[in-house]
Each structure stands twice: as structure tokens, then as C-alpha cells.
Amino acid sequence: MEKERGHFGSNFGFLMAAIGSAVGLGNLWGFPYKMGANGGFAFLIIYLALVLLCGVIIMTIEMAIGRKTGKSPVYALATFGKRWRPVGWFGVGASFIIMGFYTVICGWVLRYVVDYFMTLIGQGTITSVDGVTYFTSAFGDITLNLIYTLLAFVITCVIVMGGIQKGIEKFSKVAMPALFVMLIVVIIKGLTMEGSAEGLEFMFTFKSEDFNFFNALRTAGGQMMFSLSLGMGALITYGSYMTKDSNISKNGWIIPIADTIMALLSGLAIFPALFALDMDPSGGPGLLFMTLHNVFDSMGAVGPIFGFVFYVLTLIAALSSMISLVEVSTSHFYDYQASKGKTPSRKKITFWVCLGMFIISLPIIFDKLGESGIFSWVPIKDKDGLDFYDFIASGVLMPLGGVFLSALIGWRKGGMAYLDDEIRVHDNKFVARGFFNVVVKITPAIMIVVLFSLLLSYFGL
Ligand code: PHE
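Here the structure is a predicted model, which means the values were calculated and not measured.

Rules and cut-offs
- Residues numbered from 1 in each chain as written.
- Predicted model: local features only at pLDDT ≥ 70, side-chain atom pairs only at ≥ 80, totals over all residues.
- Heavy atoms only, no water.
- Patch = residues over 30% accessible without salt bridge, like charges linked within 9 Å, V, L, I, M, F, W, Y side chains within 5 Å.
- Areas by Shrake-Rupley, 256 points an atom, 1.4 Å probe, with all protein chains shown as cover.
- Salt bridge = Lys/Arg side-chain N within 4 Å of Asp/Glu carboxyl O.
- Helix = DSSP H or I, 4+ residues; strand = E, 2+ residues; numbered from the N terminus.
- Near = heavy atom within 4 Å.
- Polar contact = N/O pair within 3.5 Å; in protein donor to acceptor, adjacent residues only side chain to side chain.
- Core = buried A, V, L, I, M, F, W, Y, C linked by side-chain atoms within 4.5 Å.
- Buried < 20%, exposed > 50% of the residue type's maximum accessible area, 1.4 Å probe, protein only.
- Contact = heavy atoms within 4.5 Å.
- Axes fitted to C-alpha atoms, helices over the stretch in contact; angles between N-to-C directions.
- Parallel < 35°, antiparallel > 145°, perpendicular 65-115°, else oblique.
- Nonpolar A, V, L, I, M, F, W, Y, C, P; charged D, E, K, R; others polar.

Q: How would you explain a nonpolar patch on the surface if you had to name every residue and give the values?
A: Taken together, Val114, Phe117, Met118, Leu120, Ile121, Val302 and Ile305 make up a surface patch of nonpolar side chains, about 530 Å² in accessible area. By the element assignment, Met118 lies in helix α6 (residues 85-120).

Q: Tell me about the site of the ligand, residues and numbers included.
A: In the vicinity of the ligand, 16 residues are found, and the nearest of them are Ala22, Leu25, Gly26, Tyr102 and Phe226. The contact in question runs from a nitrogen atom of the ligand to an N or O atom on the backbone of Ser21, over 3.2 Å. Contact distances for the ligand include 3.4 Å between an oxygen atom and a side-chain N or O atom of Asn27. Protein contact buries 100% of the 320 Å² of open area that the ligand shows by itself. If you list the elements that add at least two residues to the shell around the ligand, you get α2 (11-22), α3 (25-37), α6, α11 (213-227) and α15 (303-339).

Q: Can you lay out the nonpolar core for me, pointing to particular residues and giving the numbers?
A: Phe14, Phe289, Phe310 and Tyr311 are the most contacted members of the largest nonpolar core, which has 166 residues in total. Per-element accounting of this core gives the leading share, 18 residues, to α6. Aside from chain neighbours lying at most four places away, what touches Phe310 is Leu28, Val186, Ile270, Leu288, Leu292 and Phe296.

Q: Could you give an account of the packing of α3 against helix α14 (residues 284-297), naming the residues involved and the relevant values?
A: In contact at an axis separation of 8 Å, α3 and α14 are set at 105° when each is read in the N-to-C sense. It follows from the interaxial angle that α3 and α14 lie roughly perpendicular. Each of Leu25, Leu28 and Trp29 in α3 lies in contact with α14, whose residues at this interface are Gly284, Pro285, Leu287, Leu288 and Phe289. Of the residues that constitute the contact of α3 with α14, the class distribution is 7 nonpolar, 1 polar and no charged.

Structure, rendered in C-alpha cells:
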């Protein structure tokens, strides 16, 4: 079975793929801004506490379930009894919804990469207008968005079609170190600009006037689940391709630590330069596409070089997250066909999954960030498609998945024995087992609080 489905060639390969899944747009446009806007250092402490009390726990549980069963989320959870299946279905659903908006954003990133490249060879237009004008025309151009979104799908599809070792692992092993190096280059540039200290201040000092414990808790909780790719089966899926000699519990610490470091580094790459040039901080598309564009413009001759490097690193971060999202559904339909006694074709399944996801992304493209009003009926506070998709995935499905997955081990009889059994194969050590044993019992409760408070925030409460 394992041979047919494929498996990672080494633990390093697995780690690069899992960190690749975690590090994405969430780190770049979510974390630094949310931290700056929610009390700086105080937010960081709450975020770290949640990573410790929920992130590490759920991540380890997901990997253990994946590897033990060797199956994709729906089938893996079905081994606990039929009624656990829906939790797996949430994951498959979430992968479609997240891809529905993520790929459109990746399409914009791709467009900026191409435009900066053209500028570098003297043919581009991106530096001739300001960030706001450029981006407004970019998201309003449906034809170009269709083309770039499709291109982002094609790239992801080709990598996933290559399989676990020859596609996902091969890409991640090169892409993740490259991303890290590029991030360092951009950080050095930002930190050496005059006036950059203010950016550090924005992120790291404790600002009591911006701090509200409840708001910080739910913002950090949602951010943590999304940023670590948790609660929707991505880690169950990747775990199902992990070999038995990999130490799950060590990986359960390494991935969250790496993701948090990358989130902080993203802040260092963005805010010092932004403050050095006297620009207002923001989050989301405004930050990634408008403000940063202006930042690169203000750097003078070297601007396009840093612009190009920055968007290439963003592209890598997005792609490595997208391949994990596509893999969740690809592995699901692969296992489905295998369970029906058929010989599944990974390539065909990947193609259909990507096509389905592309269709889900169409309303987002046509929505033009809320401008067209086609999402004006949504029951949440922000009446645009991107926020609505984000609400379904990171406001409902992922935290809900987190509640169930942690309860499966923490609140169910034999939960810890299940983990012990899987983690300790090959004489691997269960890192900080005593801590885990206690905390796993409170993780579901914390996740319930995060889930409900997050729901309220989408309704403006
Ligand atoms: N963790 C990714 C990010 O921060 C997003 C993601 C969510 C990827 C869920 C896979 C699964 O951008």
C-alpha cells in the first residue's frame, strides 16, 4: 500500500514539505500586521502560548493519525468509527475553499513577479504608476486574472502530478532553503535603511492602548490554525507519506517553531523598510500589493531588484502551501478509487482536483475584491468573496477540525496510548510526553473558545 501511494524519501524532505505547507501568505500578510495591530509583544506572547498549547498538540496528533493509518483524512478518521468521517470531509472541503482564494492571490503574485522581471530587463510598466493605482487595475482586470490564476494552478498541478518524492519533496527541498535566503536578503536591506527602527518598534513593543486580551486571543488563534495548516488534514495527508523511522513528536515541535520564526522574519522583511519610508502599516492585499509596491518604488534604482526578489519569495511560499492543499484532495480521491478496487491514476486525479478548485476560484476572480458586489448577500461583516471564503475555512472548518482532532486524543479513552504506540515505533522518543499528556486535555477547550470567539469576530462582534 505504502509503495503504491508513495512516501517521502527522508525526514528532511518531509520537513521541508511540511514547513512549506505552513509558511505561506498567512505568514507574510497576516502575522506581522496582526501582531503590530494587536499590542505587539503582548500578542506575540499569546500567539506563542497558543502554538504551545494547541499548535504543537494538534500537529503531532495529525501526523500520528496520518502515519498510523497510511491514509488521507476521511479514510484515516474513519478508522476511529464512521461518525468521525465528517471531520475528514471538512478538510477536503476546506482545501477547495482555501485554494479558491489562495490561487487568485498567487496569480497576482505571479503577475508582480513577471512585471518586475520585465522592469529589470527594461520592458516593464510596474514602476511607472503608484502601488494603489497599479493594484486597483490589476484586480479589476478579469482576463489577466483568469490567465494568471490558471497559470498558478498549472504550476501547482504539475508539481503534485510528479508525486510525493519526485514532485512535492523535490520542489520543497530546493524551494524552502531558497525562500529563506531571499528573505534574509530582503531583511538586511530593510534593517539597514535609515529610520527602520520604528518598524521594529511597531512589531515588538508592548502597546497597551492597542491591546485587548479577547481580541488578541481570537486573532492569534485563527492565525495560528491557518498558519500551521492545522485542522483540515494537511498534516494527516503528509503524515501518511512519512516513513516509520521519522520522529513524529520531534517534527511536531520543529514545524511550529520554524513557522513562527518565518512569520517573525516576514515582519522583519516588511515593517522596517515600510516605516523607514514613512508608510502606513496594513495587512492583507493592501500590504502585499499596494504598500510594498510603493516601498520598492521608493528605493530608487535597486527597487525593482528587491521587488523581484520579494515577490519570487512570496510565490515560493504560496506554491508550497498550495501543493499541500491540492494533495489533501488528490490523496483523498486516490484512496477513494483504491477502496473501490480501481487502480488510481495520480495524474488524472490531480488534474480533476485542480480543475474543480479553479471553478471554485471563479467567483473570487469575478468579485474583484468586493467591487462587483456578487457577494453582497453573505451573512458576514465584510461583504466580499475573499473574506467569505476565508470565513468558511479559517473561521469555521479549521478551528472546528482542531476541536475534534484534539478531542479525539485528549478526551477519548485510549487517546494517549494511540499516540504512544505510533510515536514510539523504531525506538523514537516522545518529546515532552508529560507536558503533552496534561495539555492535550485542555487543548479542545481552548479551541472551542477560539472557535466561538472567532465566529463572533466575523459578524463584527
Ligand atoms: N499555512 C498556509 C499559510 O500560512 C495556508 C494553508 C492552510 C496551507 C491550510 C495548507 C493548509 O499561508
